[in-house]
There are 2 protein chains.
Amino acid sequence: MLDLDLEGLLTEVKALNPAPKTMVVQFPDGLKINLREVVERLEEATHAEVISVLDPCFGACDLADDKAKKYAADLLIHFGHSKLYHAAVKTLYWPLHYRVSEEAIWKIAGKLKALKVKTVSLNAASQYVKDLDRLSKALEREGIHAEQGKTKSALERGQVLGCDLSNPRTVEGAVDAHLFYGDGLFHALGLLFASKKPCYQFNPLLMEWVDLNQYHDKFLRRRYALIGKAQEAKTFGILMSSKVGQFRKKIAVEAKKLIEKHGKKAFLFSLDNVNPNALMGLGIDCWVNTACPRIATDDAGLYKEPMITHEELKVALGEKKFEEYVFDEIRH
Amino acid sequence: MLDLDLEGLLTEVKALNPAPKTMVVQFPDGLKINLREVVERLEEATHAEVISVLDPCFGACDLADDKAKKYAADLLIHFGHSKLYHAAVKTLYWPLHYRVSEEAIWKIAGKLKALKVKTVSLNAASQYVKDLDRLSKALEREGIHAEQGKTKSALERGQVLGCDLSNPRTVEGAVDAHLFYGDGLFHALGLLFASKKPCYQFNPLLMEWVDLNQYHDKFLRRRYALIGKAQEAKTFGILMSSKVGQFRKKIAVEAKKLIEKHGKKAFLFSLDNVNPNALMGLGIDCWVNTACPRIATDDAGLYKEPMITHEELKVALGEKKFEEYVFDEIRH
């Protein structure tokens, strides 16, 4: 069940001193159906001017802080993702929380018991992270010890992003296996490649248990095929994003130098919403992605030319062995 | 014939002191086929780092100055449009010039003579504006006096934008007719509605003479139909752009107040690349555009709900008579 906790939000906004006069609110696409109600309630409660940003939003890495500045907003409310950055504009991150059924929790406990896992690390995307303590207690009652990793970063305890797997690494030595609690495969695959321990996923939307270990070799074979094609490329296009949490100019410039060192051509491109149409007609044989890792990991199939990560580029150019495969991460 | 004058550009860039170390270059979609050559020549000539912005670009109003700042560029080169803004980053506008055949010029002279036009104002989009002096001289030889309007704005003499018709207005009293020299209908329609004199277009790409006056009533009928639908709307979505040259927050906020004064609901939306998909599922009955006027003027047919300008909103709400129809402009 989706819990937007609108009352909680209104209480928090009304408590702000000074009261905001102009608010910019940012909704990910999946939440737009709630936009009207949220804005009406915000306007009623505060009498502030509310501007809703409809530009695509792919995560807290995609914060509309530049737009909030342009509109001279004194508050930015970012819906659907938890805090990742301290922005120049006062920002209220308002994550979503799905409350998952007891049944899901017992299903997980049963699976882990059957797999004889004694200690497990619990990991979740932001919208499920609030359920981890409930899950943890239930598992302890079943004799399974649960850990939730935490680094000094802005991530919550147990939270993973598809591009930031730093939390589970802090407990890697202490667990028999990792569990990712959430939907989609991007975060789950990241976890799988961040660890040498068995990895499982429970998808609370589909109520589905997934043995992630089956994807290990399949994923690597697909990446190897792309790297093979990249080896034949003469002209590389390096993709950069100017979004606050995807800005990796340093890595992009390094990639360009590496390509040129190998006698090949490289161009630096900045593009915020990467899509096949925008990349057409540029005469590029291979794309090296330094923007959101998902572009290369999930979406490579959309592109005619190979779409690889900057880590995979090192393999393609023979600077690194394939055996040292590294999933592309952006540490926050 | 398209003339990018690459040698001229390289000379200008090489003469810059201090020499730029990081350049951001911005190409409109139609020029991307030239991107590779331009970037290679720039890199060879300057040894600077060149980052090409691939985000959609719809004019000089859509300057990538924010991105140039993010990449700490010391030069932004904006291709395809002439200077409109003094940006915070050093900016070189590099407009395109099409050189038009003598035949086109004689065709125009013949048409104007046949129409018994004694004095004409010459107006062109930026890529044709360099040809106006040549055209002017040819017309004078044929006994037709030609004027090119000029205000104090950044626009060149005789230049019109689809959203800025201030130049022809300065010569309105002195001419029998206006000529728009360029392709497309957006600029031409603007000229038609900015003047009470007969208006003609010569399209140098199609070598086609167009009597614009035929569009006057047809265009108004279409707008009247949209305004009629807007009158039935209960909930309005006001579209704003955060792009440097399309930023009209004041107008958007005024529109919201006006709608609310009439007991209807209004929401402020910010969206840089307006498209039907991004506007779906928001429960809006009518869109009021304050971003690029072209969205309402050229693209209204793409949207299920009526898409009107902020000037048309005044008519829909009964604040203004339809007879006082005003084309939406952004004065630069």
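As the structure is a prediction and not an experimental result, all values here were calculated from the model. (Residues numbered from 1 in each chain as written. Chains lettered and ligands numbered in written order. Predicted model: local features only at pLDDT ≥ 70, side-chain atom pairs only at ≥ 80, totals over all residues. Heavy atoms only, no water.)

Draft legend 1. Looking closely at the packing of helix 4 (residues 102–114) of chain B against helix 5 (residues 132–141) of chain B. All names here are of chain B. The geometry of helix 4 relative to helix 5 is characterised by a closest axis approach of 10 Å and an angle of 45 degrees between their N-to-C directions. With respect to each other, helix 4 and helix 5 are oriented oblique. At the point where helix 4 passes helix 5, the crossing takes the right-handed sense. Here helix 4 contributes Glu102, Ile105, Trp106, Ile108, Ala109 and Leu112 to the contact with helix 5, which in turn contributes Arg134, Leu135, Ala138, Leu139 and Arg141. Here the contact of helix 4 with helix 5 is built from residues that sort into eight nonpolar, no polar and three charged. (Axes fitted to C-alpha atoms, helices over the stretch in contact; angles between N-to-C directions. Helix = DSSP H or I, 4+ residues; strand = E, 2+ residues; numbered from the N terminus. Parallel < 35°, antiparallel > 145°, perpendicular 65-115°, else oblique. Left-handed = near helix turned anticlockwise from the far one by under 90°. Contact = heavy atoms within 4.5 Å. Nonpolar A, V, L, I, M, F, W, Y, C, P; charged D, E, K, R; others polar.)

Draft legend 2. Representation of the domain arrangement of chain A in the model. All names here are of chain A. When its domains are assigned, chain A resolves into domain 1 (2–96), domain 2 (102–206) and domain 3 (216–324). Using C-alpha coordinates to define each centre, domain 2 is positioned 30 Å away from domain 3. With six residues of domain 2 at the contact, the number on the domain 3 side is seven residues. Between domain 2 and domain 3, a total of about 610 Å² is buried, with carbon and sulfur atoms accounting for 84% of that surface. When the buried surface of domain 2 facing domain 3 is broken down by residue, Phe186, Leu189 and Phe193 rank first, second and third, together holding 75% of it. Across the domain 2-domain 3 interface, the total number found is zero salt bridges. (Domains from an automatic or database assignment. Buried area = accessible area lost by both parts, 1.4 Å probe. Salt bridge = Lys/Arg side-chain N within 4 Å of Asp/Glu carboxyl O.)

Draft legend 3. Seen up close, the pattern of salt bridges. Taken as a whole and judged by the stated rule, the model has 50 salt bridges over all chains. The shortest N-O distance in the salt bridge between B:Lys249 and A:Glu49 comes to 3.0 Å. Of this pair, B:Lys249 sits in helix 9 (residues 249–261) while A:Glu49 is found in strand 3 (residues 49–53), placing the two residues in two different chains. A salt bridge links B:Lys32 to B:Asp29; the nearest nitrogen and oxygen atoms lie 2.7 Å apart.

Draft legend 4. Looking closely at the relation of the copies chain A and chain B. Superposing chain A onto chain B takes a rotation of 180 degrees plus a shift of 0.0 Å along the axis, which leaves an RMSD of 0.0 Å. In the structure described here, the two chain copies are related by an operation that fits a two-fold rotation axis. When C-alpha positions in chain A are compared against the rotation axis, the closest is assigned to A:Asp66, at 4.3 Å. (Least-squares fit on C-alpha atoms with pLDDT ≥ 70 in both.)

Draft legend 5. Highlighting the interface of chain A and chain B. Facing the 40 residues of chain A at the interface are 40 residues of chain B. Here chain A and chain B share an interface that buries about 3,600 Å² over both sides, 55% of which is from carbon and sulfur atoms. Counting the contacts that link chain A with chain B gives 10 salt bridges. In this structure, the salt-bridge partner of B:Asp66 is A:Lys70, at a minimum N-O distance of 2.8 Å. Our enumeration of links across chain A and chain B arrives at 24 residue pairs in polar contact (both at pLDDT 80 or more). Of all the elements in the fold, those that place two or more residues in the side of chain A that touches chain B are helix 2 (35–46), strand 3, helix 3 (65–70), strand 12 (235–240), helix 9 (249–261) and strand 13 (265–270) of chain A. Broken down by class, the residue content of the side of chain A that touches chain B amounts to 18 nonpolar, nine polar and 13 charged. (Polar contact = N/O pair within 3.5 Å; in protein donor to acceptor, adjacent residues only side chain to side chain.)

Draft legend 6. Molecular detail of the environment of A:Asp328. All names here are of chain A. With respect to the helices and strands, Asp328 occurs in the segment after helix 11 (310–316). A relative accessible area of 3% places Asp328 in the buried class. Residues Asp328 and Glu311, spaced 17 residues apart in sequence, show a C-alpha to C-alpha distance of 6.6 Å. Setting aside residues no more than four positions away along its own chain, Asp328 makes contact with Cys163, Arg248, Asn289, Pro293, Thr309 and His310. There is a polar contact of 2.9 Å between the side chain of Asp328 and the side chain of Arg248. Looking at Asp328, its side chain comes within polar contact range of the side chain of His310, at 3.1 Å. (Buried < 20%, exposed > 50% of the residue type's maximum accessible area, 1.4 Å probe, protein only.)

Draft legend 7. Quick peek at the sheet that holds strand 13 (residues 265–270) of chain B. Within the open sheet, the eight strands sit side by side as 5(A)-4(A)-2(A)-3(A)-13(B)-12(B)-14(B)-15(B). Their pairing is parallel. Every other strand in the sheet has two partners, leaving strand 5 (91–94) of chain A together with strand 15 (307–309) of chain B as the edge strands with one partner each. Going from strand to strand, the sheet's axes swing by 30 degrees on average, the running direction of each strand aside. Packing of helix 1 (residues 6–14) of chain A onto the sheet brings it into contact with strand 2 (22–26), strand 4 (75–79) and strand 5 of chain A, and relative to strand 5 of chain A it is tilted by some 170 degrees. (Pairing = 2+ DSSP bridges.)

Draft legend 8. Seen up close, the packing of aromatic side chains. Residues and elements named next belong to chain A. Taken as a whole and judged by the stated rule, the model has 30 aromatic pairs over all chains. When the ring of Phe27 is compared with that of Phe79, the centres are 4.6 Å apart and the planes differ by 10 degrees; the resulting orientation is stacked. With Phe27 in the loop between strand 2 and helix 2 and Phe79 in strand 4, this pair connects stretches of sequence that are 52 residues apart. According to the relative accessible area criterion, Phe27 is buried, its value standing at 1%. In this structure Phe79 comes out as buried when scored by relative accessible area, which is 0%. (Phe/Tyr/Trp six-rings, centres within 6.5 Å; stacked < 30°, edge-to-face > 60°.)

Draft legend 9. Representation of unusual backbone geometry within the structure. Across the junction of A:Asn17 and A:Pro18, the peptide omega takes the value 0 degrees, indicating a cis bond. With respect to the secondary-structure elements, A:Pro18 resides in the loop between helix 1 and strand 2. Residue A:Ala72 is not a glycine yet carries a positive backbone phi of 55 degrees. Here A:Ala72 is to be found in the loop between helix 3 and strand 4. Although it is not a glycine, B:His47 adopts a positive phi angle of roughly 55 degrees. Looking at the secondary structure, you find B:His47 in the loop between helix 2 (35–46) and strand 3 (49–53).

Draft legend 10. Looking closely at the pairing of strand 2 (residues 22–26) of chain B. Residues and elements named next belong to chain B. Within strand 2, five of the five residues are buried, which leaves the element mostly enclosed by the surrounding structure. Residues of strand 2 alternate between two faces, with Thr22, Val24 and Gln26 on one and Met23 and Val25 on the opposite face, all of them buried. With five bridges connecting them, strand 2 and strand 3 associate as parallel partners. Across the sheet, Gln26 pairs through a bridge with Val53, a residue of strand 3.

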